[in-house]
Amino acid sequence: MTAEAPAAEHEALRLSVTGVVQGVGFRPFVHRLALAHGLGGWVRNEAGEVQIEIEGPSRRVRAFLQDLVAKSPPLARIDSLDVSPARPMFAHEFRIVESVDQPDRRQPVSPDVALCASCEAELFEPGDRRYRYPFVTCTDCGPRFTVIEAMPYDRERTSMRVFPQCAECLREYGTPSDRRYHSESNSCHACGPTVWLEAANGVGEPTKGAAALERAARDIREGRIVAIRGLGGFHLAVDATNEEAVTRLRRRKAREAKPLAVMVRTLEDARVLGEVGTVEEALLTSRERPIVLLRKLPDADLAPSLAPGLDTVGVMTAYTPLHQLLLDLARRPLVMTSGNLSEEPIATANDDARVRLGPIADALLLHDRDIVSRYDDSVVRLADGAPLLLRRARGYAPLPVDLPLEAPRPLLAVGPHLKNTFTLAHGRTAYVSQHIGDLENLETLEHFQASLAAFKELFRIEPEVAARDMHPGYLSTRVAAELGLEQTIEIQHHHAHAAAVAAEYGVTDRVIGVSYDGTGYGDDGAVWGAEILVCDLAGYERCCQLRYAPLPGGEIAVRRPWRVALGYLSLEPGAEGAFARAFDEVEIGERTLAAQQIERRLNAPLASSMGRLFDAAAAVLGTRRVAHYEGQAAMELEALAGRAPAEALPFPVVEAGGGQHVFDPLPLLVALGERSAAGDDVTELAARFHESVAAATAVAVRRVAEATGLSTVTLGGGVFQNARLLASVRASLNASGLRVLVPRRLSPNDGAISYGQAAVAATVMQRRS
């Protein structure tokens with residue numbers, strides 16, 4: 001806040017408020033606050049802020065200023081409040097005036113947020129006029145990002161503009177004391193969106209209104225699959241306690257083993273499925289309402305195939321009135337998985353769902369409020385005592401994440417190949433997109449392009465510079481080239497991981513960046529993924545890596561952990577006995593072909609990848625030789641390891657000269673194989689593997705710290721989604737007196753790469769200017 005104006009008997013001030021102050025009930029709040037203090041003036045939305053003129057007795061004006069910050073609406077976030085003297089107009093009334101659009105200004109957009117307690121109470125109150133209305137909202141809750149087409153935030157610039165308010169809704173909209181005063185998504189049974197259920201095969205007449213929800217709940221109880229149009233797209237729903245129904249859904253959706261999320265109505269419903277501690281309770285009841293990974297209770301009434309091989313289950317509480325009503329009628333936990341075929345973006349439009357989800361679902365629960373932006377559910381887990389984002393979308397995006405320094409020119413960071421997000425940056429403000437997905441098909445590319453166009457429109461940024469990954473074959477690389485911008489900056493994948501974590505904490509000095517993941521294109525053309533860097537936001541030096549091993553078959557090895565084990569075995573053929581279990585059930589011909597690829601160096605790239613080391617360990621232990629989804633082997637190893645204490649096995653960190661160090665995983669893999677063959681418990685060995693990786697990491701980082709004098713360490717990359725490994729590495733480094741930074745506002749996985757690219761690109765541009 002700027003310096004206060006001199007106190008006077010009558011005072012007039014002009015206030016400029018920036019932050020998340022549109023679409024969150026801020027103007028109605030200001031209006032009520034002004035009336036409560038007996039002040040005159042006006043408030044309006046502008047493209048980049050909220051403008052207020054306030055006047056009256058100085059003492060009341062000062063009290064208004066204090067309450068403006070202290071009592072702001074729950075969804076608002078004030079980033080700055082500038083105060084300057086204004087010309088007194090001696091106004092006695094306070095008004096909300098028409099918004100003013102300024103094309104050169106930009107404004108954060110609120111995410112969609114969960115149904116508030118007041119609206120939920122109305123939803124289930126028989127005497128209320130919105131009793132069981134599936135689209136009840138107010139200024140404190142409901143859709144925002146998924147209905148907003150342009151800023152400033154007014155109804156005519158949202159998908160609600162096609163639903164004129166009835167007289168009663170207009171009365172609420174115009175009453176300052178009402179919770180729905182200037183609520184742009186306000187509606188009711190008489191004037192708002194409608195819901196209906198139709199058969200997926202198109203046979204018969206649709207069922208409308210309350211009967212549609214009742215029939216959908218009955219279909220689910222009877223084992224059928226229902227596609228449900230929600231806030232940011234479709235879900236596919238089945239009874240989570242019905243194994244036959246879950247198996248049928250997996251078969252039709254082509255999702256063989258990847259875990260499925262569950263939705264329940266209340267926090268108490270969640271408690272009977274998994275362990276709910278203080279942090280998990282806060283997440284499950286938060287306005288964001290992400291999917292939260294809970295440690296599954298042994299007696300939880302859930303289908304066995306819901307999350308096979310894992311000790312966790314993803315649970316979210318109902319966040320829309322439609323979901324609340326459906327769960328109230330179904331009276332059981334429901335699978336709520338993305339409404340798509342595996343690897344495709346979720347469906348958003350009714351016609352699209354009829355085509356793409358018709359072959360999967362038995363019925364479709366539809367509504368007629370258009371979805372402007374596609375929006376997956378966010379996923380969070382507890383790691384090292386705090387929330388760790390695994391997927392950032394609904395509830396979190398598109399809130400900006402500031403850069404630690406200004407980008408001299410507007411830029412677009414196009415992000416990675418897998419778990420793609422993009423980042424648009426202007427000045428110090430970085431708008432990180434919602435989760436886009438894996439850029440491996442045309443549909444996801446079109447989602448990327450549509451989302452980028454929407455961000456450019458919403459935030460009024462026309463990029464002049466592109467930042468991209470170094471990999472020449474990524475689809476995101478092609479996207480960057482086709483933009484035709486004046487400048488494109490290439491950024492190494494693992495440097496972007498380290499930069500993302502450092503920038504989140506505002507750190508621009510050199511750090512020790514630990515970047516562990518599955519795949520990233522290295523300077524030498526090899527596959528990197530177990531990297532310890534000394535870096536700042538402008539550059540990096542590789543100080544430690546995993547010993548290179550061939551990956552026979554290249555990308556095929558990602559889904560064939562036994563191939564990764566074979567690559568390591570090729571480095572020490574005499575260890576055949578220790579690796580024997582990795583090749584059980586592997587056809588002789590396929591193994592021979594893989595061995596020939598290694599011998600002839602044909603499609604067998606060298607890899608230094610921590611993700612692949614987890615795969616090799618799983619194969620050697622016999623827990624996973626073929627993976628059905630990315631990270632399956634590592635996730636199952638973590639589940640096997642549990643929380644039991646364990647001692648590390650040998651995992652040497654070898655001096656390689658010139659300040660370089662190399663992790664040698666062969667002694668570790670051999671020890672795992674030999675102890676497994678000797679009958680050691682596999683759960684104990686899984687735990688010992690985790691502690692071995694953590695201990696070796698600590699040894700390497702301490703050596704780098706001693707050599708460089710650096711004391712700040714970043715942990716980034718998808719491997720650090722592993723809560724046990726993250727906690728163990730951090731504890732060990734903290735015990736050595738090092739400051740350890742863990743990503744909290746963004747994910748450790750590739751979803752944060754675009755933000756890291758933006759931070760590096762901004763720094764490079766600054767240093768070149």
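Residues numbered from 1 in each chain as written. Predicted model: local features only at pLDDT ≥ 70, side-chain atom pairs only at ≥ 80, totals over all residues. Heavy atoms only, no water.

Draft legend 1. Spatial organisation of the overall build of the protein chain. Assigned secondary structure in the protein chain consists of 21 helices and 29 strands. Here the protein chain has a C-alpha radius of gyration of 28 Å; the compact-globule value for 769 residues is 27 Å, and the two agree. A principal-axis box enclosing the C-alpha atoms of the protein chain has dimensions of 90 × 65 × 50 Å. A total of 769 residues make up the protein chain; the buried ones form 62% of that total. Accessible surface, the protein chain as shown: approximately 28,200 Å² in total, 49% of it carbon and sulfur. Here the protein chain holds 84 positive side-chain charges and 99 negative ones, and the gap between their average locations is 2 Å. (Helix = DSSP H or I, 4+ residues; strand = E, 2+ residues; numbered from the N terminus. Rg over C-alpha atoms; globule rule 2.2 N^0.38 Å. Buried < 20%, exposed > 50% of the residue type's maximum accessible area, 1.4 Å probe, protein only. Areas by Shrake-Rupley, 256 points an atom, 1.4 Å probe, with all protein chains shown as cover. Lys, Arg positive; Asp, Glu negative; His and termini not counted. Charge placed at Lys NZ, Arg CZ, Asp CG, Glu CD.)

Draft legend 2. Structural detail: the sheet that holds strand E6 (residues 195–199). Strand order in the open sheet made by the 11 strands is E7-E6-E14-E8-E9-E13-E10-E12-E11-E15-E16, with mixed pairing throughout. Each edge of the open sheet is held by one strand with a lone partner, namely strand E7 (207–208) and strand E16 (386–391). Contacts from helix H9 (residues 321–330) reach E6, strand E8 (226–229), strand E9 (234–239), strand E10 (262–264), strand E13 (334–338) and strand E14 (363–367) within the one sheet, and its direction differs from that of E13 by about 145°. (Pairing = 2+ DSSP bridges. Contact = heavy atoms within 4.5 Å. Axes fitted to C-alpha atoms, helices over the stretch in contact; angles between N-to-C directions.)

Draft legend 3. Here's a closer look at the nonpolar core. Leu365, Ile532, Tyr568, Phe579, Phe663 and Leu672 are the most contacted members of the largest nonpolar core, which has 115 residues in total. No other element matches helix H19 (residues 682–708), which puts 12 residues into this core. When neighbours within four sequence positions are excluded, Leu672 is seen to be in contact with Ala617, Val620, Leu621, Leu649, Leu685 and Phe689. (Core = buried A, V, L, I, M, F, W, Y, C linked by side-chain atoms within 4.5 Å.)

Draft legend 4. Structural detail: the packing of helix H16 (residues 610–621) against helix H17 (residues 632–641). In the contact formed by H16 and H17, the axes pass within 8 Å of each other and the chain directions differ by 65°. Of the possible angle classes, the one that applies to H16 and H17 is roughly perpendicular. H17 is crossed by H16, and the crossing has left-handed handedness. Residue-level contacts link Phe614, Asp615, Ala617, Ala618 and Leu621 of H16 to Ala633, Ala634 and Leu637 of H17. Partitioning the contact of H16 with H17 into residue classes produces seven nonpolar, no polar and one charged. (Parallel < 35°, antiparallel > 145°, perpendicular 65-115°, else oblique. Left-handed = near helix turned anticlockwise from the far one by under 90°. Nonpolar A, V, L, I, M, F, W, Y, C, P; charged D, E, K, R; others polar.)

Draft legend 5. Representation of the pairing of E9. For E9, the tally of buried residues reaches six of six residues, placing the bulk of the element in the interior. The sheet contact formed by E8 and E9 spans four bridges and is antiparallel. For Arg229, the partnering residue across the bridge sits in E9 and is Phe234. Where E8 folds back onto E9 in an antiparallel hairpin, the turn is made up of four residues, including Gly233, whose phi is positive at roughly 155°. As defined by bridge partners, E9 adjoins E13 across five bridges and the pair is classed as antiparallel.

Draft legend 6. Highlighting the side chain of Arg356. Examined against the element boundaries, Arg356 turns out to sit in helix H10 (residues 350–356). Given the relative accessible area of 17%, Arg356 is considered buried. Every residue in contact with Arg356, bar those within four places of it in the chain, is listed here: Asn340, Glu344, Pro345, Ile346, Ala347 and Arg374.

Draft legend 7. Broad picture of the environment of Thr278. Looking at the secondary structure, you find Thr278 in helix H8 (residues 278–284). Spatially, the C-alpha atom of Thr278 lies 47 Å from that of Ala575, the residues being 297 residues apart in sequence.

Draft legend 8. View of the pattern of salt bridges. Scanning the entire structure with this criterion turns up 52 salt bridges. With its nearest N and O atoms 3.1 Å apart, the salt bridge here joins Arg724 to Glu691. Taken together, the residues Arg724 in helix H20 (residues 723–735) and Glu691 in helix H19 connect sequence positions 33 residues apart. If you follow the salt bridges from partner to partner, you end up with Arg27, Asp154, Arg157 and Glu184 in one network. (Salt bridge = Lys/Arg side-chain N within 4 Å of Asp/Glu carboxyl O.)

Draft legend 9. Focus on the state of the cysteines. Under the definition given, this model contains zero disulfides. Just so you know, Cys188 is unpaired, no disulfide at all, and the nearest cysteine sulfur is the one on Cys166, 3.6 Å from it. Classification of Cys188 by relative accessible area gives buried; the value is 3%. With no disulfide partner, Cys543 has as its closest neighbouring cysteine sulfur the one in Cys544, 8.3 Å distant. Since its relative accessible area comes to 6%, Cys543 is described here as buried. (Disulfide = S-S within 2.5 Å.)

Draft legend 10. Highlighting the packing of aromatic side chains. For the structure on display, the rule yields 11 aromatic pairs. Ring centres of Phe145 and Phe455 lie 6.1 Å apart, and the angle between their planes is 85°; this geometry places the pair in the edge-to-face category. Placement of the pair is Phe145 in the loop between helix H3 (117–123) and helix H4 (167–173) and Phe455 in helix H11 (residues 442–459), with a sequence separation of 310 residues. The exposure class assigned to Phe145 is buried, which follows from its relative accessible area of 1%. One aromatic cluster is present, formed by Phe145, Tyr375, Phe422, Tyr431, Phe448, Phe455 and Phe459 through successive ring pairs. Over the ring of Phe124 we find Arg265; its NZ or CZ atom is 4.6 Å from the centre of that ring. Across the ring face of Tyr319, the terminal group of Arg394 is positioned such that the distance to the ring centre comes to 3.5 Å. (Phe/Tyr/Trp six-rings, centres within 6.5 Å; stacked < 30°, edge-to-face > 60°. Lys NZ or Arg CZ within 6 Å of the ring centre and 35° of its normal.)

Draft legend 11. Region of the structure containing the packing of helix H5 (residues 210–221) against H9. At a minimum axis distance of 9 Å, the contact between H5 and H9 shows a crossing angle of 55°. By the angle between their axes, H5 is oblique relative to H9. As H5 runs across H9, the sense of the crossing is right-handed. Here Leu213, Glu214, Ala216, Ala217, Ile220 and Arg221 of H5 lie close against H9, whose contacting residues are Leu322, Leu325, Leu326, Leu329 and Ala330. Among the residues making up the contact of H5 with H9, the classes are represented as nine nonpolar, no polar and two charged.

Draft legend 12. Highlighting the side chain of Thr320. By the element assignment, Thr320 lies in the loop between strand E12 (312–317) and H9. Overall, the relative accessible area of 9% leaves Thr320 in the buried class. Here His323 takes part through its side chain, which lies 2.8 Å from a polar atom of the side chain of Thr320. (Polar contact = N/O pair within 3.5 Å; in protein donor to acceptor, adjacent residues only side chain to side chain.)

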